[in-house]
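# Structural description and commentary
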Amino acid sequence: VSPNVDVREVAVSNSTGFAKLRIPRIKGLLSSIGQRDAWASIERSNAVVYSANVETDEIEVSTTTLDQIADAFPEVDFVKIDVEGHELAVLQGGQRLVGKSRTIFFIEIIKQQNSQAELIGDLFYPQGYKAYCCVNGSPVLLPTAAAFTDMLLDNVRDGVAVNNYFFVPPSRLGLFQSTAAPA
């Protein structure tokens, strides 16, 4: 493992403590190649994992916050979040990091897994962040929280599903502005 990577056995949330991680029992191709945990989640509003029709295994995991993890580093340039519907809680536990307006966030957000996904933009836009989605390999600027919400609810552009978003702070917008297409 690279010295720039810090691996921890902990779930990131909005508080420290413990949570139940639900791991779907997936039949078919994914389970045969060891990917049954691909949709595991601690998010109770995730209708996919917490459906009565989905068989799951459950384990207790410890939780921490994004701010607590970030405090261990002198600077955090980039954060990737892929937590199957628990994005809002992770970001609520990272408000100090978001407030520093220095970190680029790359977040997978699937509306069907997150009943409060629209609130994610409300954490970033007041801090001056801009959101971008990727369509056919190119960044597309979503200049307002309303534009982000519209894309999130529609989640298809040019026939391509849009589930991944960059949130870029004002100090680092130059990395994206020269290549971004308008929404």
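Parameters and conventions
- Residues numbered from 1 in each chain as written.
- Predicted model: local features only at pLDDT ≥ 70, side-chain atom pairs only at ≥ 80, totals over all residues.
- Heavy atoms only, no water.
- Pairing = 2+ DSSP bridges.
- Helix = DSSP H or I, 4+ residues; strand = E, 2+ residues; numbered from the N terminus.
- Axes fitted to C-alpha atoms, helices over the stretch in contact; angles between N-to-C directions.
- Salt bridge = Lys/Arg side-chain N within 4 Å of Asp/Glu carboxyl O.
- Buried < 20%, exposed > 50% of the residue type's maximum accessible area, 1.4 Å probe, protein only.
- 1 Å grid on protein atoms, 1.4 Å probe; cavity = no way out; pocket = protein on both sides within 12 Å on 5 of 7 lines; lining within 4 Å.
- Points joined across faces, edges and corners; volume = space filled by probe spheres on them.
- Nonpolar A, V, L, I, M, F, W, Y, C, P; charged D, E, K, R; others polar.
- Phe/Tyr/Trp six-rings, centres within 6.5 Å; stacked < 30°, edge-to-face > 60°.
- Contact = heavy atoms within 4.5 Å.

Attention now moves to the sheet that holds strand β2 (residues 17-24). Consider a sheet: its strands pair through backbone hydrogen bonds, and that pairing is either parallel or antiparallel. With mixed pairing, three strands are arranged side by side in an open sheet as β1-β3-β2. Bordering the open sheet on either side are β1 (11-13) and β2, each of which pairs with just one other strand. This sheet shows a mean twist of 50 degrees between the axes of neighbouring strands, independent of strand direction. The sheet contact formed by β1 and strand β3 (residues 56-65) spans three bridges and is parallel.

A few words now on the pattern of salt bridges. Considering all chains together, one arrives at six salt bridges under this definition. Arginine 22 is the partner of glutamate 58 in a salt bridge, and the nearest nitrogen-oxygen pair spans 3.7 Å. With glutamate 58 in strand β3 and arginine 22 in strand β2, this pair connects stretches of sequence that are 36 residues apart. Residue glutamate 58 is classed as partly exposed on the basis of its relative accessible area, which comes to 44%. By relative accessible area, arginine 22 is classed as buried at 16%.

Time to look at the environment of proline 24. Secondary-structure assignment places proline 24 in strand β2. Classification of proline 24 by relative accessible area gives buried; the value is 5%. As for proline 24 and aspartate 57, which are separated by 33 residues in sequence, their C-alpha atoms are 6.4 Å apart.

What the largest pocket holds in volume is close to 840 Å³. Val12, Ile69, Lys80, Ile81 and Val83 are the residues nearest the centre of the largest pocket, which is lined by 29 residues in total. Counting residues per element, the lining of the largest pocket draws most heavily on strand β4 (residues 78-81), which supplies four residues. Its residues assigned to classes, the lining of the largest pocket shows 19 nonpolar, two polar and eight charged. Reported here for the second largest pocket is a volume of approximately 180 Å³. Surrounding the second largest pocket, Pro3, Asn4, Val5, Asp6, Val7, Arg8 and Phe73 form its lining.

Looking now at the packing of aromatic side chains. On inspection of all chains with the given rule, the structure shows seven aromatic pairs. With 6.2 Å between their ring centres and 55 degrees between their planes, phenylalanine 105 and tyrosine 129 make a pair best called tilted. Remark: tyrosine 129 occurs in the loop between α5 (119-124) and β6 (130-135) and phenylalanine 105 occurs in strand β5 (residues 104-108); sequence separation between them is 24 residues. When sorted by exposure, phenylalanine 105 lands in the same class as tyrosine 129, which is buried. Taking the centre distance of 5.4 Å and the plane angle of 70 degrees together, the rings of phenylalanine 148 and phenylalanine 167 count as edge-to-face. Within this pair, whereas phenylalanine 148 is found in helix α6 (residues 145-154), its partner phenylalanine 167 is found in strand β10 (residues 164-168), the two being separated by 19 residues in sequence. One aromatic cluster in this structure is built from Phe105, Phe124, Tyr129, Phe148, Tyr165 and Phe167.

Quick reminder: α-helices carry 3.6 residues per turn. Residues three or four places apart thus point the same way. Listed in full, the buried residues belonging to α6 are Ala147, Phe148, Thr149, Met151 and Leu152. Tucked into the core, α6 has its buried residues touching α5, β6, β7 (138-142), β8 (156-157) and β10. Positive backbone phi, approximately 50 degrees, marks asparagine 155, located one or two places after α6.

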